[in-house]
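Spelled out, the chains give:
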Amino acid sequence: MDDLTTLTAEPPSPRFALEQPSGTAHGRDAVDLEHVATDHQPIDRAKAITAVGDLLTALGRDVRGPHLQDTPRRVVDAYLEMLTPREFTLTTFGNDEHYNELVLVRDVPFHSLCEHHLLPFTGVAHVAYLPGSRLVGLSKLARVVEHFARDLQVQERLTQQIADFLAERLDPRGVGVVLDAEHECMSLRGVGARGARTVTSALHGVLRDDARSRSEFLALTGLR
Ligand SMILES: Nc1nc2c(ncn2[C@@H]2O[C@H](COP(=O)(O)OP(=O)(O)OP(=O)(O)O)[C@@H](O)[C@H]2O)c(=O)[nH]1
Ligand SMILES: [Zn+2]
């Protein structure tokens, strides 16, 4: 493993652009940095603004009023903000002390947009891993959640993407992810089930295969 690496990705880049060695001498295999970028298709903001104006007109609204006239731009910029993942650096450290118990970051707030109605679903994520040779910076677990949440999503896929990413990038002995969320499409409209929570989980490695580890993880998330 490279001793110390730097950020290299420039758009358009693959979603997870691997770093290149910087040549910076660091002396030991202590810190590993990986630039995590996005690979979305090109965005036509002007076309999107026109389309939102057309939508409002088709819905019978007069878009010339003082409040509505700039609404198409606001809507597009709001969606772009909610749908554009923030790039970040995945920082890992050598697990020199051989810590081998669960690391769990609980109650990470997140919001995403449901792919069916473009309405928000919001809740908390519980993200855990059993370290192998690397430890990850704790904030990076929350950044991974946010990264995948800033997309049109279904909760099941979002849960799996977070777990798969961590399993692949950290080479841990296990990964566990639980999302607990309320879908506005189920509460603001439709069935009107205000307060109903949807809980999803994705497990890898020991947390999936070993009953005791799985129970410990689920108990710490409040699920068992
Ligand atoms: N599995 C899954 N379903 C979701 C998610 N977000 C929204 N849905 C559901 O997607 C379904 C879409 O069903 P449709 O019958 O096409 O939509 P609809 O007519 O608006 O349905 P109602 O919400 O029941 O009024 C609904 O049951 C939503 O509750 C999600 O993250 N995962
Ligand atoms: Zn929905």
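These numbers come from a predicted model, not from an experiment.

Novice: Describe the overall build of the protein chain, naming the residues involved and giving the relevant values.
Specialist: From N to C terminus, the protein chain includes seven helices and 10 strands. Put simply, the protein chain has 224 residues, and 41% of those count as buried. At a minimum sequence separation of 6, the contacts of the protein chain that also span at least 24 residues come to 67%. Accessible area of the protein chain: about 12,200 Å², with a carbon and sulfur share of 54%.

Novice: Which residues make up the site of ligand 1, and what are the values?
Specialist: Taken together, the neighbourhood of ligand 1 is formed by Cys114, His116, His117, Val154, Gln155, Glu156, His183, Cys185, Met186, Arg189 and Gly190. Taking Gln155, its main chain carries an N or O atom lying 2.7 Å from an oxygen atom of ligand 1. A total of 630 Å² of accessible area belongs to ligand 1 in isolation, and the protein chains cover 49% of it. Of all the secondary structure elements, the ones that give two or more residues to the shell around ligand 1 are helix H4 (155-170) and helix H5 (184-187). Residues belonging to the shell around ligand 1 are distributed by class as follows: four nonpolar, five polar and two charged.

Novice: Account for the UniProt feature "domain: GTP cyclohydrolase I" (unreviewed entry) in the protein chain, naming residues and giving values.
Specialist: Sequence positions flagged by UniProt for "domain: GTP cyclohydrolase I" (unreviewed entry) are, in local numbering, residues 51-220. Along residues 51-220, the helical share is 39% and the strand share 31%, with 46 Å between the first and last C-alpha atoms.

Novice: Describe the coordination of the zinc ion (ligand 2), with residues and values.
Specialist: Here the zinc ion (ligand 2) is held by Cys114 (SG), His117 (ND1) and Cys185 (SG), and the distances to it run 2.0 to 2.4 Å. Of note, the donors binding the zinc ion (ligand 2) are all from one chain and are spaced C-x2-H-x67-C. Here His117, found in the loop between strand S5 (103-114) and strand S6 (120-130), pairs with Cys185, found in helix H5; they are 68 residues apart in sequence, far enough to count as distant. For His117, a relative accessible area of 36% corresponds to the partly exposed category.

Novice: Lay out the side chain of Thr92 with the relevant residues and their values.
Specialist: Here Thr92 lies in strand S4 (residues 88-94). Assessed through its relative accessible area of 4%, Thr92 is described here as buried. Apart from the residues within four sequence positions on either side, Thr92 is in contact with Ala30, Val31, Asp32, Arg134, Leu135, Val136 and Leu170.

Novice: Break down the sheet that holds strand S7 (residues 134-136) for me, citing the residues and quoting the values.
Specialist: Strand order in this open sheet of three strands is S3-S4-S7, and the pairing throughout is antiparallel. Every interior strand has two partners, whereas the edge strands, strand S3 (31-36) and S7, have only one. When the angles between neighbouring strand axes are averaged without regard to direction, this sheet yields 30°. Bridge count between S4 and S7: three bridges; the pairing is antiparallel. Residue pairing for S7: Gly94 is matched across the bridge by Arg134. Along the sheet, helix H3 (residues 138-149) makes contact with S3, S4 and S7, crossing S4 at roughly 145°. Where H4 meets the sheet, it contacts S3, S4 and S7, and its direction lies at approximately 45° from that of S4.

Novice: Can you break down the nonpolar core residue by residue, with the values?
Specialist: Membership of the largest hydrophobic core comes to 30 residues, with the highest contact counts inside it found for Phe110, Val144, Leu158, Ile162 and Leu166. The set of elements that each furnish at least two residues to this core consists of S4, S5, S6, H3, H4 and strand S9 (174-183). By residue number, the principal contributor to this core is H4, which donates six residues. Here Val144 is in contact with Phe88, Leu90, Ile162, Phe165 and Leu166, once residues within four sequence places are set aside. Among the nonpolar cores identified, the runner-up in size contains eight residues, and Leu102, Leu130, Leu207 and Leu218 belong to it.

Novice: Lay out the side chain of His147 in plain terms, naming residues and giving numbers.
Specialist: Examined against the element boundaries, His147 turns out to sit in helix H3. A polar side-chain atom of His147 sits 3.4 Å from the main-chain carbonyl oxygen of Arg86.

Novice: Before we move on, could you go through the layout of surface pockets and cite the residues and values that matter?
Specialist: Approximately 400 Å³ is the volume found for the largest pocket. The wall of the largest pocket is formed by Ile43, Asp44, Ala48, Val52, Leu55, Val75, Val76, Tyr79, Leu80, Leu83, Leu118 and Leu152. Only helix H1 (45-58) and helix H2 (71-83) provide two or more residues apiece to the lining of the largest pocket. Considering each element in turn, the lining of the largest pocket owes the most residues, five residues, to H2. The residue inventory of the lining of the largest pocket, partitioned by class, reads 11 nonpolar, no polar and one charged.

Thresholds applied
- Residues numbered from 1 in each chain as written.
- Chains lettered and ligands numbered in written order.
- Predicted model: local features only at pLDDT ≥ 70, side-chain atom pairs only at ≥ 80, totals over all residues.
- Heavy atoms only, no water.
- Helix = DSSP H or I, 4+ residues; strand = E, 2+ residues; numbered from the N terminus.
- Buried < 20%, exposed > 50% of the residue type's maximum accessible area, 1.4 Å probe, protein only.
- Contact = heavy atoms within 4.5 Å.
- Areas by Shrake-Rupley, 256 points an atom, 1.4 Å probe, with all protein chains shown as cover.
- Near = heavy atom within 4 Å.
- Polar contact = N/O pair within 3.5 Å; in protein donor to acceptor, adjacent residues only side chain to side chain.
- Nonpolar A, V, L, I, M, F, W, Y, C, P; charged D, E, K, R; others polar.
- UniProt positions renumbered as here; feature names shortened; annotations may be inferred.
- Donors = N, O, S within 2.8 Å, 3.2 Å for Na, K, Ca; no water.
- Pairing = 2+ DSSP bridges.
- Axes fitted to C-alpha atoms, helices over the stretch in contact; angles between N-to-C directions.
- Core = buried A, V, L, I, M, F, W, Y, C linked by side-chain atoms within 4.5 Å.
- 1 Å grid on protein atoms, 1.4 Å probe; cavity = no way out; pocket = protein on both sides within 12 Å on 5 of 7 lines; lining within 4 Å.
- Points joined across faces, edges and corners; volume = space filled by probe spheres on them.

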